[in-house]
Amino acid sequence: SAEVCSLALLSCPQTQRPPDATLHDGFLSRYDGDSRSWQDNYFVLLGDFTLEWFESKEALRKGCEPSGSTALSGYRLVPSLREYAELLGGLCQGLAGNSPCCSPVADPPGRFLLFLFHPFRKHLCLCANSAGSQRAWESALGDGIRCHSTELQRRDPLEAEAFLEAVRFYRQERGRYGAEDLLLGLEPEILTNVLMEDLLPTLRSRVLPAIGGARSRRTQLWLQFLQEAYSLVLGQISSDLKAFQREKEKLRIQLEKKIRPDLDQMLTLKDQIASNLQAVVRSPAESCCGQGVEPHLDCALEELMRPISSGAEEVRSLFAQRVDEMVGIVGSAPGAVLQRELLTLGRISWKPELMRPCYEKADLYKESLHGLKERFGFCGVTSLVLGAQNLMQQLMQNAAYTFQQLSEQHLSQAMKYDQVTQMLGKVKDRVLKKFDYDSSSARKQFAQEWLVRIFLPFLLKHLESRCKLELPKYESYVFADFSGIINVENIYEEMVLAVLLQAVSRGKELCSPGTTRLIDGERFFAVCTGRNIPA
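Only a predicted model underlies this, so the values are computations on that prediction, with no experimental measurement involved.

K.L.:
Just give me the short version of the overall build of the chain, but keep the residues and values in it.
P.N.:
When helices and strands are counted, the chain shows 17 helices and 7 strands. Of the contacts made within the chain by residues no fewer than 6 positions apart, 74% connect residues no fewer than 24 positions apart.

K.L.:
With reference to specific residues and values, describe the nonpolar core.
P.N.:
Counting 88 residues, the largest nonpolar core has L277, Y365 and F403 as its most contacted members. When residues of this core are assigned to their parent elements, the largest contribution, 25 residues, is made by helix 9 (residues 263-330). Discounting chain neighbours no more than four positions away, the residues touching F403 are F319, V323, M326, L342, L345, L424, V427, K428 and V431. Of all hydrophobic cores here, the second largest spans 30 residues; its members include Y84, C92, L203 and L226.

K.L.:
Give me the lowdown on the pairing of strand 6 (residues 112-117), citing residues and values where you can.
P.N.:
Of all 6 residues making up strand 6, 6 are buried, and the element is well covered by its neighbours. Burial along strand 6 is two-sided: the face carrying F112, L114 and L116 and the face carrying L113, F115 and F117 are both buried. Two elements, strand 5 (residues 76-78) and strand 6, share 3 bridges in a ladder whose sense is antiparallel. Within the sheet, the bridge partner assigned to R76 lies in strand 6 and is F117. Bridge analysis of strand 6 against strand 7 (residues 124-128) gives 5 bridges, and the strand direction is antiparallel. Following the sheet pairing, L114 is matched in strand 7 by L126.

K.L.:
I'd like a description of the pattern of salt bridges, backed by residues and values.
P.N.:
Between side chains of opposite charge, pairing is possible as soon as their charged atoms come close. For the coordinates displayed, the defined rule picks out 28 salt bridges. Residue E197 is joined to R171 by a salt bridge in which the shortest nitrogen-to-oxygen separation is 2.7 Å. One end of the pair, E197, is in helix 7 (residues 187-207); the other, R171, is in helix 6 (residues 157-172), with 26 residues separating them in the sequence. Accessibility expressed as a relative area gives 5% for R171, which makes it buried. Connected via shared salt-bridge partners are R135, E138, R356 and E360.

K.L.:
Which residues make up the sheet that holds strand 5, and what are the values?
P.N.:
Read from one edge to the other, the open sheet built from 7 strands follows the order 4-3-2-1-7-6-5, with strand pairing classed as antiparallel. Unpaired on one side and paired on the other, strand 4 (68-71) and strand 5 mark the two borders of the sheet. Within this sheet the neighbouring strands show an average axis-to-axis angle of 30°, counted without direction. The pairing of strand 2 (residues 37-46) with strand 3 (residues 50-54) spans 4 bridges and is classified as antiparallel.

K.L.:
Residue-level account of the packing of helix 9 against helix 14 (residues 381-411), with values.
P.N.:
Look at helix 9 against helix 14: their axes get within 10 Å of each other, and the N-to-C directions meet at 30°. Relative to helix 14, the element helix 9 is oriented roughly parallel. Considering how the two elements wind past one another, helix 9 and helix 14 form a crossing that is right-handed. From helix 9, L304, P307, I308, G311, A312, V315, L318, F319, V323 and M326 reach across to helix 14, where they touch L384, A388, L391, M392, L395, M396, A399, A400 and F403.

K.L.:
Break down the pairing of strand 7 for me, citing the residues and quoting the values.
P.N.:
Within strand 7, 5 of the 5 residues are buried, leaving the element largely enclosed by the surrounding structure. Burial along strand 7 is two-sided: the residues L124, L126 and A128 and C125 and C127 are all buried. Two strands pair when backbone bridges link them, and strand 1 (residues 22-32) and strand 7 are joined in this way by 2 bridges, in the antiparallel orientation. The residue of strand 7 that forms the bridge with S29 is C127. Taking the residues between adjacent antiparallel strands as the criterion, strand 6 and strand 7 are bridged by 6 residues.

K.L.:
How would you explain helix 3 (residues 81-91) if you had to name every residue and give the values?
P.N.:
Taken together, the buried positions of helix 3 are occupied by Y84, L87, L88 and L91. Here the buried residues of helix 3 occupy an arc of 100° about the axis, which is enough to place them on one side. Of the surrounding secondary structure, the elements contacted by the buried residues of helix 3 are strand 5, strand 6, strand 7, helix 7 and helix 8 (215-259).

K.L.:
Could you give me a rundown of the packing of aromatic side chains, with the residues and numbers involved?
P.N.:
Evaluated as defined, the whole model comprises 15 aromatic pairs. Ring plane angle 75° and centroid distance 6.4 Å describe the contact between Y84 and F117, whose orientation is recorded as edge-to-face. Of this pair, Y84 sits in helix 3 while F117 sits in strand 6, and the two are 33 residues apart along the sequence. Assigned by exposure class, Y84 and F117 land together as buried. Site record: aromatic cluster; members linked through ring pairs are F43, W53 and W137. Directly above the aromatic system of F169 lies the positively charged group of R168, at a separation of 5.3 Å from the ring centroid. Residue placement shows R375 over the ring face of F376; its charged tip is 4.9 Å from the ring centre.

Quick notes on the rules
Residues numbered from 1 in each chain as written. Predicted model: local features only at pLDDT ≥ 70, side-chain atom pairs only at ≥ 80, totals over all residues. Heavy atoms only, no water. Helix = DSSP H or I, 4+ residues; strand = E, 2+ residues; numbered from the N terminus. Contact = heavy atoms within 4.5 Å. Core = buried A, V, L, I, M, F, W, Y, C linked by side-chain atoms within 4.5 Å. Buried < 20%, exposed > 50% of the residue type's maximum accessible area, 1.4 Å probe, protein only. Pairing = 2+ DSSP bridges. Salt bridge = Lys/Arg side-chain N within 4 Å of Asp/Glu carboxyl O. Axes fitted to C-alpha atoms, helices over the stretch in contact; angles between N-to-C directions. Parallel < 35°, antiparallel > 145°, perpendicular 65-115°, else oblique. Left-handed = near helix turned anticlockwise from the far one by under 90°. Arc of directions from axis to C-beta. Phe/Tyr/Trp six-rings, centres within 6.5 Å; stacked < 30°, edge-to-face > 60°. Lys NZ or Arg CZ within 6 Å of the ring centre and 35° of its normal.

What follows is the structure in structure tokens.
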């Protein structure tokens, strides 16, 4: 409707990467595992979210090759030595010997530590020289990890969805449901993560027993082995994907020619198969959803809405504050100054130190939803956090872009300073109203999507023995010419998804403004795990 259109923010044109060539740079101490010593290096975070380090700032200035570099996709920024040691212990589980693992780093030069952890790639143990430097690097690295890890999802939603669905089906064929945190990075990295997941049990059983020496040395050798294996697999997959890109367009055209003439017949056949599957799938799916999922939907919905709503409110406050500051700076020469300030406003969403208070709200998911892993096998909290931060960034981008467009439209009508400030105030109020409308819709959609991503794998796993094993009986319904297009398992999942969406829609009604009753993370964990806590 016209009313809705007038309330919606303008969508900011997608910017894949921030405009700066260098996002952040400075000195950090880096731990070298071979020499077990700390070395001072000059680090640079580039606009493509690659982290490079040099022997010195002078080496960078002279154009020397970096001492090392890594893309940040798939990494996890760990803020404490204790948490890093726990992650390292899990990765090295199965090493011979019962002695406790020694500290993963020796004699840190300070207390302002940062750790970049990846299960299969080189770890970086870093130390800043001050709390301010540590905080600045945390913001920059966290932003780089988020942007690089979710680049595929933000680049082309349709192609990304098709690729990720194919990966999900591959894992489900092997009995593994839910793959959220494995699906971070670009296509080659995601496929490498999945293949390493397949290989890891074999590598543990065959390689770990053969590693000798002191425990610290065995740990180092095991990590180096994983890194080499990952690098080999990634290189091969990258090469294969590059070769496949040349064939992909040809295959797409062939598939389109095959589908177009018989599309109506295909859709009719799909509906017939779905109708026959109803008797097998509908009742068990509704029973499983009613008993295993619906009792937890309200709690999950509330816990999903709380951090994203707090983050959106923080984005709103930051935007309003920056606009107010801009109005104060414009002064008596509004033309050039206003254009400069509007450009600055448009870059806020790419300033991690400014957006950090917003992004930190998403970190609440790490605690409030930890009960989901035990009860539902959900291992996608990192993806959830990054997705919430992406939404916050998009809301800020759209608000700033809408303010820029509306201000430029009205600027020619305001010549005096008081007219300019009055005009900017009206534009700000209008944008904030648009923001409230968009934010409300986006938050509800975000929560609904994540409810599906949390609970659909759980349903599919529990229905596997009751329903999925019946699917081969229906493969004969598919004509030979349509066998590569109509997939019975897809039809089955659509039916299970429809049951879940009905339940989610009923739950969403409880989340209207003014009626949501928030509960704390401890109570949500108790609900998920079936444990009793005091009322």
